[in-house]
Amino acid sequence: MVRLGIIGIGNMGSGHVQNILAGKTPEITLAAVADRRQSRRDWAGEKLPGVPVFTEGAELIDSGLCDAVLIAVPHYQHPVLAEQAFAKGLHVLCEKPAGVYTNAVKEMNAAADRAGKTFGMMFNQRTNCVYRKMHEMVVSGELGDLKRVNWIITDWYRTQIYYDSGDWRATWAGEGGGVLLNQCPHQLDLLQWICGLPKKVQAFCHEGKWHDIEVEDDVTAYLEFENGATGVFVTTTGDAPGTNRFELTGTRGKLVCENDVLTFWRLKEDEREFCRSSKEGFAKPEMEKIIVETDGENPQHVGVLNAFAANILRGEPLVADGREGIRGLTLSNAMHLSGWLKEPVEIPFDEDLFERELDKRRKNSRRKESADITFSTEGTY
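Structure report, in brief. (Residues numbered from 1 in each chain as written. Predicted model: local features only at pLDDT ≥ 70, side-chain atom pairs only at ≥ 80, totals over all residues. Heavy atoms only, no water.)

### Thoughts on the overall build of the protein
Cut-off, in case you're wondering: In DSSP terms, a helix is any run of H or I states spanning at least four residues, a strand is any run of E spanning at least two, and both are numbered starting from the N terminus. All radius of gyration figures rest on C-alpha atoms, and the globule criterion is 2.2 Å times the number of residues raised to 0.38. For every residue, the accessible area (1.4 Å probe, protein chains only) is compared with the maximum for its type, and the residue is labelled buried under 20%, exposed over 50%, or partly exposed between those bounds. Note on contacts: a residue pair qualifies if any of its non-hydrogen atoms lie within 4.5 Å across the two residues. Positive charges are assigned to Lys and Arg, negative charges to Asp and Glu, while His and the chain termini are left out of the count. Where a charge lies is defined by one atom per residue type, namely NZ (Lys), CZ (Arg), CG (Asp) and CD (Glu).
Looking only at helices and strands, the protein features 12 helices and 15 strands. Taken against the 2.2 N^0.38 rule, which gives 21 Å for 381 residues, the C-alpha radius of gyration of the protein at 22 Å falls within 12% of a compact globule. Summarising its shape, the C-alpha atoms of the protein cover approximately 75 × 45 × 40 Å along the three principal directions. The buried share among the 381 residues of the protein stands at 56%. Taking as baseline every contact in the protein between residues at least 6 positions apart, the subset at least 24 positions apart corresponds to 69%. A distance of 1 Å separates the average location of the 44 positive side-chain charges in the protein from that of its 56 negative side-chain charges.

### Here we look at the sheet that holds strand 14 (residues 287–291)
Note the cut-off: A pair of strands is labelled paired if DSSP reports no fewer than 2 bridges between them. For helices, the fitted axis covers only the stretch in contact; all axes are lines through C-alpha atoms, and the angles between them, taken along N-to-C directions, range from 0 to 180 degrees.
Strand order in the open sheet formed by 9 strands is 14-13-12-11-7-10-9-8-15, and the pairing between neighbours is mixed. The sheet is open, and its two edges are formed by strand 14 and strand 15 (345–346), each paired on a single side. In this structure, strand 8 (residues 200–207) lies alongside strand 15, joined through 2 bridges in antiparallel fashion. Residue pairing across strands places Lys200 opposite Glu346, the latter belonging to strand 15. Strands strand 8, strand 9 (216–224), strand 10 (230–236) and strand 15 of the sheet are contacted by helix 11 (residues 325–341), whose axis makes an angle of about 70° with strand 8.

### Some thoughts on the sheet that holds strand 2 (residues 28–34)
The parallel open sheet is built from 6 strands, whose spatial order is 3-2-1-4-5-6. In this open sheet, the two edge strands, each paired with only one partner strand, are strand 3 (53–54) and strand 6 (119–121). The sheet contact formed by strand 1 (residues 2–7) and strand 4 (residues 68–71) spans 4 bridges and is parallel. Across the sheet, residue Leu4 finds its bridge partner in strand 4, namely Ala68. Each of strand 1, strand 2, strand 4, strand 5 (91–94) and strand 6 touches helix 10 (residues 300–314); the most contacted strand, strand 5, lies at about 165° to it.

### Some thoughts on the pattern of salt bridges
This is how the line gets drawn: Salt bridge, as used here: a side-chain nitrogen of Lys or Arg that lies within 4 Å of a carboxyl oxygen of Asp or Glu.
Per the stated rule, a full pass over the model turns up 26 salt bridges. Here the salt bridges do not stand alone but share partners, grouping Glu27, Arg314 and Glu316 into one network.

### Quick look at unusual backbone geometry
Residues Lys96 and Pro97 are joined by a peptide bond in cis, for which omega reads -10°. Along the chain, Pro97 turns up in the loop between strand 5 and helix 5 (102–115). With omega at 5°, the peptide bond leading from Ala240 into Pro241 counts as cis. You can see Pro241 is positioned in the loop between strand 10 and strand 11 (244–250). Although it is not a glycine, Gln300 adopts a positive phi angle of roughly 55°. Locating Gln300 in the fold gives a position in helix 10. Since its relative accessible area comes to 17%, Gln300 is described here as buried. At Lys342, a residue that is not glycine, the phi angle is positive and equals roughly 60°. For Lys342, the position within the fold is in the loop between helix 11 and strand 15.

### Regarding the nonpolar core
The following threshold applies: Throughout, nonpolar core names a set of buried Ala, Val, Leu, Ile, Met, Phe, Trp, Tyr and Cys residues whose side chains join them through atoms within 4.5 Å.
Val69, Met134, Phe233, Phe246, Leu248, Leu255 and Met335 are the most contacted members of the largest nonpolar core, which totals 87 residues. At 7 residues, the largest contribution of residues to this core is made by helix 11. The residues contacting Val69, other than those within four sequence positions of it, are Leu4, Gly5, Ile7, Leu60, Ile61, Ala85, Leu90, His91, Val92 and Leu93.

### Some thoughts on helix 8 (residues 185–195)
Of all 11 residues making up helix 8, 11 are buried, and the element is well covered by its neighbours. Listing the buried residues of helix 8 in full gives Pro185, His186, Gln187, Leu188, Asp189, Leu190, Leu191, Gln192, Trp193, Ile194 and Cys195. After helix 8 finishes, the residue Gly196 shows a positive phi value of roughly 90°.

### Considerations on the packing of aromatic side chains
We apply this condition: The pairing test for Phe, Tyr and Trp rings, Trp by its six-membered ring, is centres within 6.5 Å, and the orientation test on the planes gives stacked under 30 degrees, edge-to-face over 60, and tilted for anything in between. In this scheme, the term charge over a ring applies when either NZ of a lysine or CZ of an arginine sits within 6 Å of the ring centre and within 35 degrees of the ring normal.
In this structure the tally under the stated criterion is 8 aromatic pairs. With a centroid separation of 6.0 Å and 45° between ring planes, the pair formed by Tyr131 and Trp151 is classed as tilted. With Tyr131 in helix 6 (residues 129–140) and Trp151 in strand 7 (residues 146–153), this residue pair connects regions lying 20 residues apart in the sequence. Trp151 carries the same exposure label as Tyr131, and that label is buried. For the ring pair Trp172 and Trp340, a centre distance of 5.6 Å and an interplane angle of 75° mean the geometry is edge-to-face. Taken as a pair, Trp172 in the loop between helix 7 (160–164) and helix 8 and Trp340 in helix 11 lie far apart in primary sequence, 168 residues in all. The pair Trp172 / Trp340 is uniform in exposure class, with both members buried. What links up through ring pairs into an aromatic cluster is the set Tyr131, Trp151, Phe233 and Phe246. In this structure, Arg40 is placed above the aromatic ring of Trp43, and the distance from its NZ or CZ to the ring centre is 4.5 Å.

Take a look at the structure:
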């Protein structure tokens with residue numbers, strides 16, 4: 001059994017607690033929890049008899065009660081707590097995103113390398129059979145060479161009271177970003193996992209367009225990939241009912257993921273070869289429409305937790321290595337930086353410049369008490 005401590009038992013952390021208590025993670029036992037909010041500690045005292053409850057994540061890490069920790073706290077503290085856990089020889093599973101800025105996440109990844117412990121990222125959408133199949137089809141070459149990527153993910157609708165529910169929400173100092181950093185880390189991870197990181201980003205990030213907030217709630221980004229493929233990523237928390245449509249075009253056809261259905265328009269001939277050889281100006285390659293079969297499995301958070309335990313106990317593969325968290329964050333950082341500078345940004349970008357630009361916004365943030373440069377662990381889980 002893996003003795004797991006959960007740091008942060010808010011919405012996400014308490015969900016993980018319930019999965020463990022329900023017996024869905026047979027190789028994990030809940031060893032301790034921590035939360036700075038008295039109300040959550042009271043909840044734990046009532047609902048988790050016999051489970052030690054700490055105020056500080058550092059206290060839980062130092063307790064000796066745990067083999068591993070799951071970090072489910074506000075974003076800035078992810079690298080801080082992960083590094084503390086690695087220093088104590090613990091395994092780490094981190095909620096998304098990996099952090100707020102790549103410089104901090106690089107330090108976290110280096111700490112993981114030094115510790116030699118299991119490091120996982122809670123990218124539960126990678127367990128979804130539809131996205132796993134898209135990854136397989138792109139990597140295997142079944143779609144051909146990638147030409148175009150379009151993802152419109154606008155079904156994140158949020159009301160003003162959602163943002164008003166915590167003083168850290170939707171602030172540069174408390175959360176570090178808006179829809180890109182809170183709602184979309186899974187989609188940005190899937191985009192890079194399936195398609196690879198683009199080499200250039202031009203983004204238009206509208207801050208407080210649909211809500212009384214200081215961070216972005218409406219984003220349109222143009223992407224350029226190394227092989228010449230282009231893409232568009234559109235997201236917002238202001239559209240109702242919104243859309244979630246992920247479309248890839250390759251030289252062998254078109255793949256569309258929408259409403260949990262994966263559809264493949266498969267060309268009988270590679271489009272590039274057809275274009276060069278066809279004798280008719282208006283001809284199109286023959287194609288067939290296929291509803292792609294998957295294995296139907298979608299274990300989500302439980303799947304990530306069970307793979308994490310299996311990696312610790314037997315060396316089995318993780319759903320997502322924690323070091324991969326920097327890739328989706330690189331994409332969101334590039335989008336933010338492009339929006340701030342109002343110009344295209346190459347990847348890799350100037351990470352120190354990003355941090356300086358972020359600091360400007362943190363210093364003027366509505367949540368000024370958290371805008372210290374040191375990013376101490378003082379704050380609200």
